[in-house]
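The primary structure of each chain is shown beneath.
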Amino acid sequence: MTNNPYQVFGASIPPMLGRASLMQHIESHLLKPSPDHVSVVGPAHYGKSVLLRHLADAHHSGSSHYLTTAHIHLRHDIPASDSAFKQRFAEAVREALQAAGSDLSDWVDVEDENIHELLGLVFDELEGKRVRLLVVLDGLDYVLAATGLTRNLWDQLRVLAQKPSLRLVTGSRRPLRELCRTEESRTSDFWEIFYDEPVRVAVLGDADWPAFLQPLRDGGCVFDESARKEIANWTGGVPVLVCAVLQKLWEDHPGESISKLEIDRAANTMLDGRREVLATLWEDCNHELHADLGVLSARDIPCADLSDSRRRTVEERGFGRVSSNRLRGSCRLMQRYAKEQAPALADLNRLFGTASGFETHIRSLLELRLIQIKRPHWDEELHASVSNAVRAVSPAPEQALTWVRSIANRVLTLIWQAELPPDRTLPAEWLDEWRSNGLDPRDDRGRLPRGAGPQCHILRLVTGSDRTRRQSKYVTKTTYLFVDHLQSVGDFGQHRSDFPNTKVTIGFSAAVVLAAISLVESLTGDLEAWHS
């Protein structure tokens, strides 16, 4: 036995093992006379990309339903704008048509600003030839997290997807509309074109196990009756955990008989030396799921104590199963890992599990965060103002806002010390460029204006905008965004009497002070080169 067929993580997508029923489910939508657009949904590392790669490969060389396929993995080189997405989409379509020997690939000019119209003509021509193209968009959640994509893109893609010659299959961790970062994108009708029930990729089913074990069997391994059951008990059928255990068996027991003892040893190796796999699965869970796993590591949970959605989440991820109206742990590896995390979870819940606990302990958290970011060349005056703001968060949140104005003012002073000469004269080349671009710097006769608001306006221009290039030597756009935010909050704090109906809560002031700490971290990093 040489090449290990079981891949855990890696740069390439491994071949598919099992999952025949899922493939059949997807193709039941794609291979009927009027095929559907299909959304495939599932957690990270449960095999979505493997499944979608296999689907694309299955029809790449042509079939009775599709001329060819285009597979676009959007997790890599994520398009951040409408034009970048359309260009990426068009490139994939052109390459697929070229591979299929279609002259229509020559129609696709990816540099054309009206590429969506050219694609429309291509799909019209494909329709006339009574053939279809299958486009697989994997990792669509990474694109939907971007704010640079607009409803216009999705509306244009919907126009293409309405053509009989194009069918889409998408892969994402959650339903598509939930992933849209902007309300504008969510309102597009594009999301309505998909079949209303996503295909969900979860743990391995009973029919998947034979295919997962087959490479070992082909190499001469023989599993006794207890071995297969024990693999399921340790892994819960989570594909990446199954692959990790089988990978170890392939390496350590080539051509041997496999019993419960060998499975236990391979699984314990995971706990000792391959914890990054478990950590990756753990990090993909939210706090609510962490809490449920922490309980399952110690005892069963009555189903009456859980909402249906929480129970389904645990079951779909293979971490538990319902028996006799109780949710019981079904993944021994994750139970062991969760048990190790339980003390930290208990501390987190004890400190912040209630609103009163949050208000009591948030100040200590902010103090700890402030300590973490301390660096050389720390400005003591700025540090003192931030420390005072932290101390005021609880129990005097309004008082914290009074320090925010001092923080913003001090930051602006430090910025201009680094960026401008002592007389605070604005370089003539800055002013000339801004005015030539139709921008009003609101300067004071070539000098920096006095007010914090006008200075933030200058800083916005200096750090670059959509109409002018960056001219600052040290300060970054991140620092500008923080200081502009805090300057506005500081003005609000100074004029609290003008807003009598507005209550400043501990949560509000804590969020503002955390932004102040992040501002100090950003500014200190920006100015390190200046100090040196």
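Residues numbered from 1 in each chain as written. Predicted model: local features only at pLDDT ≥ 70, side-chain atom pairs only at ≥ 80, totals over all residues. Heavy atoms only, no water.

In this section: the sheet that holds strand S1 (residues 38–41). Sheet strands associate in pairs through backbone hydrogen bonding, adopting either a parallel or an antiparallel arrangement. Read from one edge to the other, the open sheet built from 5 strands follows the order S2-S3-S4-S1-S5, with strand pairing classed as parallel. A strand with exactly one partner marks an edge of an open sheet, and here the two such strands are strand S2 (68–73) and strand S5 (199–200). Strand direction decides the pairing type here: S1 and strand S4 (residues 166–172), joined by 4 bridges, are parallel. Within S4, the position partnered with valine 38 by the bridge is valine 169. (Pairing = 2+ DSSP bridges. Helix = DSSP H or I, 4+ residues; strand = E, 2+ residues; numbered from the N terminus.)

Secondary-structure assignment places isoleucine 258 in strand S7 (residues 257–258). Between the C-alpha atom of isoleucine 258 and that of phenylalanine 223, which follows or precedes it by 35 residues, the distance is 4.8 Å. What isoleucine 258 contacts, discounting residues up to four positions off in sequence, is Cys221, Val222, Phe223, Asp224, Ala227, Leu249, His253 and Ile263. (Contact = heavy atoms within 4.5 Å.)

Next up on the list: the pattern of salt bridges. With the rule as written, the count across this model stands at 26 salt bridges. Linking arginine 310 and glutamate 288 is a salt bridge whose minimum nitrogen-to-oxygen distance equals 3.8 Å. Of this pair, arginine 310 sits in helix H15 (residues 308–316) while glutamate 288 sits in helix H14 (residues 287–296), placing them 22 residues apart in sequence. In this structure, the salt-bridge partner of glutamate 381 is arginine 410, at a minimum N-O distance of 3.6 Å. (Salt bridge = Lys/Arg side-chain N within 4 Å of Asp/Glu carboxyl O.)

With that out of the way, let us pick up the packing of H14 against H15. Where H14 meets H15, the closest approach of the two axes is 11 Å, and the angle between their N-to-C directions is 70 degrees. Here H14 lies roughly perpendicular to H15, going by the angle between them. Residues Glu288, Leu289, Asp292 and Leu296 of H14 lie in contact with H15, whose contacting residues are Arg310, Thr313 and Val314. Classifying every residue of the contact of H14 with H15 gives 3 nonpolar, 1 polar and 3 charged. (Axes fitted to C-alpha atoms, helices over the stretch in contact; angles between N-to-C directions. Parallel < 35°, antiparallel > 145°, perpendicular 65-115°, else oblique. Nonpolar A, V, L, I, M, F, W, Y, C, P; charged D, E, K, R; others polar.)

What follows deals with the sheet that holds strand S8 (residues 301–302). Overall, antiparallel pairing links the 3 strands, which are arranged S8-S10-S9 in an open sheet. Lying at the two open borders of the sheet, with one neighbouring strand each, are S8 and strand S9 (320–323).

Bringing the pairing of strand S10 (residues 326–329) into the picture now. Where S8 lies against S10, 2 bridges are found, and the strand directions are antiparallel. The partner of proline 302 across the bridge, within S10, is arginine 326. Bridging between S9 and S10 involves 4 bridges; their strand directions are antiparallel. The residue bridging valine 322 from the neighbouring strand is leucine 327, located in S10. In textbook terms, the turn of a hairpin is the stretch between consecutive antiparallel strands, and for S9 and S10 this stretch comprises 2 residues, one of which, serine 324, has a positive phi near 55 degrees.

With an omega dihedral of 20 degrees, the bond running from serine 394 to proline 395 counts as a cis peptide bond. One can find proline 395 in the loop between helix H18 (380–393) and helix H19 (397–419). Even without being a glycine, aspartate 77 presents a positive backbone phi close to 55 degrees. Unusually for a residue other than glycine, arginine 130 sits at a positive phi of about 60 degrees.

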